[in-house]
Amino acid sequence: ANNNPVVTLLDYGAGNVRSVRNAIRSLGFDIKDVQSPKDILNAERLIFPGVGAFAAAMDVLTQKGMAEALCTYIQNDRPFLGICLGLQLLFDSSEENGPVNGLGLIPGVVGRFDSSNGLRVPHIGWNALQLTKNSEILNTIRNNHVYFVHSYRAMPSDDNKDWVSSTCNYGDNFIASVRRGNVHAVQFHPEKSGGTMLLFLCWSFCIEKVLIPKVFLNKGHLTNRKLRVKVLEVGNASKLAKRVIACLDVRTNDEGDLVVTKGDQYDVRENTKENEVRNLGKPVDLAGKYYRDGADEISFLNITGFRDFPLGDLPMLQVLRYTSERVFVPLTVGGGIRDFTDGSGRYYSSLEVASEYFRSGADKVSIGSDAVYAAEEYIRSGVKTGKSSLEQISRVYGNQAVVVSIDPRRVFLKNPYDVDFRTVRVSNPGPNGEEFAWYQCTVNGGREDRQIGAYELAIAVEELGAGEIMLNCIDCDGQGKGFEIDLIRLISDAVNIPVIASSGAGKVEHFSEVFKKTNASAALAAGIFHREELGIGSVKKHLSNEGIEVRLTPY
Ligand code: 1PR
C-alpha cells in the first residue's frame, strides 16, 4: 500500500496540466482527479491549475456544477492552491474576451497589461515578488525569481488588500499571490519555477502539518533547513530577469537514434568521409543537465520536422514526456508544426500536432517555416484568415504558448534602397565594403530563401498572434563569434513581444553584449553548452557581475 499524501487536482480538461502533475508527483504526492463536485468538497488538499481562457474555464466550471463546490470549499478555508488562471478565476470578473464573471470570492477585475507604453506583453519570464503579508512560504523564496507567463493580471486595491500576499512589478504592481488562511493562489507558476518553487508547492500544503514528503528529502542533497538558508543566500531578485536558454537541435542520426546535434551555419554533418550527423548527446540527459546548471528554459528543435511528420516521430514525444518529469522550467518544442497528410491519406491539422506536443509536456511550441508562409500571405492579402497554424494555435492555447522561430540570412547591400525590405547600417561592413544589409528569411532549415525580411516577418507574426520570437541568424550559427547585434536590435525594437536572441554565442561577454546593446529578453545558445566550453552558471555569474539581472539557482 502506498502511504503517500494525496493531492486532489482540478483539471477541467481545457489544456495542459501535465507539468503540474509532474511537479506534484516529484514531490512524492499521489494525485486524485476531480470527477464531480463532490470530489472537490471531499478533498484534503486541492490544486487548481487554471489553463486556457477565462470565459471557457468559467463555462466548464459552471456547467459541471464545480463553481459552486469550489466557492464552498474555499469559503470553508480548506487547503487550496490556485495557479495562474486558478488565481484569476477567484476574482469578480475578467476583461479577457469579456467582461466575464468569475467566482466572485475576491474583489477586483482582471485586466490586460497595458502595452501602449512599449511594455512587452505577454509578461514572460522570471520576475521578483514584493511581499505584502508575512507568510512563511513566501518568506522562504522572497529573494528568488519566479516564473510568470500571462497577459492578464489582477490589481491590488483597498477592497482586496486582506487577500494580497505579494505583488510583482511589470509596468505596474499587479497581484502575484493571495492568501487567506489555508487558501493560497499564485499568478506565477511554481511548477515551472525550478527547484526552489517546488518547495512552494510542497510547503503551501504541508507546512502546517509538517508533512514534508520523503521522496523530496531523498532527492535533494540538502535538508530543508539548509536548502532554505541556501535559497535565501543566493536570491537577488528585484525585477524581470534576462533569461538564458539552452537549445537542443534534435534529429535522428543515420543509425536511427534521436540525438542532439549542432550545425555550423545549419550544416549538421561532420566534415569526414562518412559525413555522419554530428552527435552531441542524448536529449533527455542533456536537458536534465542544463536544468540543474540553471537554464531558465529548454528548447527542443526537431530540425528535420519540415520533411518528416513529427507525430510519426514518437521518440520526440517520448523525449518531451521524460524531460517534463524531471525538468521544472519551461519547455519549448519546434519543428514540423503545420498541417500534414500522412502516407495513408489521414489528415492532421497543425493544431493536432501542437496539441500532441502540449500533451507530452511542452509549454510552448515554436513555428518556423509555416509562420513564414502565413506572414507572406497576410502581407500580400492584408487579411487575417484565422486559418494559419500560428493563428489557430494561439487562439486555442493563448499567444504566450506560440513562439515563431526566424531563420534569416544576412544579405549585404551597397545601397539600402536596392530592396523593398527594411535594411540596417551594419556594424561590420561586408566583404566588398557594403555598409548595409537586409535579413532574408528562409524556410526548411535554411534550405530555401523567401522574399520576406526578418523585420517584415516579425511585425506580421506579432499581429497574427505570436507571443515570442526566437531570432536565429544562419551566418552566425555555430560560429562562436557573437550574436548578430544589428539584427537583434532591429527586431527587438520593432515588436512588443519578447525576443530571444540566438546564434553565435562563443564566450560569456557575448551574452552581456547582447543584453546591453539590444532589447532582447533572452539569449539562447547551443554549441558552447553542448561542447562544455562554457557552463550556464558561468554565463549567469558574468551577467550578474555586469549588473544584468538573472535568476540565480541555489545549486
Ligand atoms: O520550419 O517549423 O519545421 O521548424 C524547424 C526548426 O528547426 C526551426 O526553428 C529552425 O530554426 C530549426 N532548424 C532547422 N534546421 C536547422 C539546422 O541547424 N540545420 N536549427 C535548425 C536551427 C538554430 C538554433 C541554434 C542556434 C544557436 N538551429 O537552434 O541552436 O543557432 O546555436 P549556437 O549557439 O551553437 O550558435 P519548422
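Not measured: the values here are computed from a predicted model.

Novice: Looking at this structure, how should I read the site of the ligand?
Specialist: In the vicinity of the ligand there are 24 residues, among which Lys 262, Ser 369, Ser 405, Asp 407 and Asp 477 approach most closely. Within the contact set of the ligand, an oxygen atom lies 2.6 Å away from a side-chain nitrogen or oxygen of Asp 407. Ala 526 places a polar main-chain atom, nitrogen or oxygen, 2.9 Å from an oxygen atom of the ligand. For the ligand, whose unbound accessible area comes to 760 Å², protein coverage reaches 98%. Counting atoms within 2 Å of the grid points, the majority share of the ligand lands in the second largest pocket. For the shell around the ligand, the secondary-structure elements that each account for two or more residues are β15 (243–252) and β29 (522–525). When grouped by side-chain class, the residues that make up the shell around the ligand number eight nonpolar, twelve polar and four charged.

Novice: Can you walk me through the sheet that holds strand β6 (residues 100–101) in this structure?
Specialist: Either a parallel or an antiparallel arrangement is found when strands of a sheet pair, and the pairing is made through backbone hydrogen bonds. If you walk across this open sheet you meet the four strands as β6-β5-β7-β11, and the pairing is mixed. Where the open sheet ends on each side, the last strands, each with one partner, are β6 and β11 (152–154). Relative to β6, strand β5 (residues 91–94) runs antiparallel, the two being bridged by two bridges. Paired with Ser 93 across the strands is Asn 101, a residue of β6.

Novice: Help me out: how do you make sense of the packing of aromatic side chains in this one?
Specialist: Aromatic rings in a pair are described by how distant their centres are and how their planes are angled relative to each other. For the structure shown, the criterion picks out eleven aromatic pairs. Ring geometry for Phe 358 versus Tyr 397: centroids 4.2 Å apart, planes at 35°, classification tilted. Placement of the pair is Phe 358 in helix α12 (residues 350–359) and Tyr 397 in helix α14 (residues 389–397), with a sequence separation of 39 residues. Under the relative-accessibility criterion, Tyr 397 is labelled partly exposed at 21%. Three or more aromatic residues link up through ring pairs in this structure, and these residues are Phe 113, Phe 148, Tyr 170, Phe 174 and Phe 188. In this structure, Arg 346 is placed above the aromatic ring of Tyr 348, and the distance from its NZ or CZ to the ring centre is 4.2 Å.

Novice: Help me understand unusual backbone geometry, please; the structure alone is not making it clear to me.
Specialist: Where the residue is not glycine, phi is negative for most of them; where a peptide bond is considered, it is trans in most cases. Cis geometry is found at the peptide bond from Gly 98 to Pro 99, where omega equals 20°. Among the secondary structure elements, Pro 99 is positioned in the loop between β5 and β6. Looking along the chain, the bond that leaves Val 121 and enters Pro 122 is cis, with omega of 5°. With respect to the helices and strands, Pro 122 occurs in the loop between β7 (106–112) and β8 (123–127). Of note in the backbone geometry, Asp 77 takes a positive phi value of approximately 60° without being a glycine. Positionally, Asp 77 belongs in the loop between α4 (66–75) and β4 (80–84). Judged by its relative accessible area of 33%, Asp 77 falls in the partly exposed class.

Novice: Help me understand the pattern of salt bridges, please; the structure alone is not making it clear to me.
Specialist: Side-chain pairs of opposite charge can arise where the charged atoms are in close proximity. Going through the model one piece at a time under the given rule, you end up with 31 salt bridges. Glu 435 serves as the salt-bridge partner of Arg 425, at 2.7 Å between the closest nitrogen and oxygen. Separated by ten residues along the polypeptide, Arg 425 in strand β24 (residues 424–425) and Glu 435 in the loop between β24 and β25 (436–443) bring together distant segments of the chain. Judged by relative accessible area, Arg 425 falls into the exposed class, the value being 56%.

Calculation criteria
- Residues numbered from 1 in each chain as written.
- Predicted model: local features only at pLDDT ≥ 70, side-chain atom pairs only at ≥ 80, totals over all residues.
- Heavy atoms only, no water.
- Near = heavy atom within 4 Å.
- Polar contact = N/O pair within 3.5 Å; in protein donor to acceptor, adjacent residues only side chain to side chain.
- Areas by Shrake-Rupley, 256 points an atom, 1.4 Å probe, with all protein chains shown as cover.
- 1 Å grid on protein atoms, 1.4 Å probe; cavity = no way out; pocket = protein on both sides within 12 Å on 5 of 7 lines; lining within 4 Å.
- Sits in = over half its atoms within 2 Å of the grid points.
- Helix = DSSP H or I, 4+ residues; strand = E, 2+ residues; numbered from the N terminus.
- Nonpolar A, V, L, I, M, F, W, Y, C, P; charged D, E, K, R; others polar.
- Pairing = 2+ DSSP bridges.
- Phe/Tyr/Trp six-rings, centres within 6.5 Å; stacked < 30°, edge-to-face > 60°.
- Buried < 20%, exposed > 50% of the residue type's maximum accessible area, 1.4 Å probe, protein only.
- Lys NZ or Arg CZ within 6 Å of the ring centre and 35° of its normal.
- Salt bridge = Lys/Arg side-chain N within 4 Å of Asp/Glu carboxyl O.

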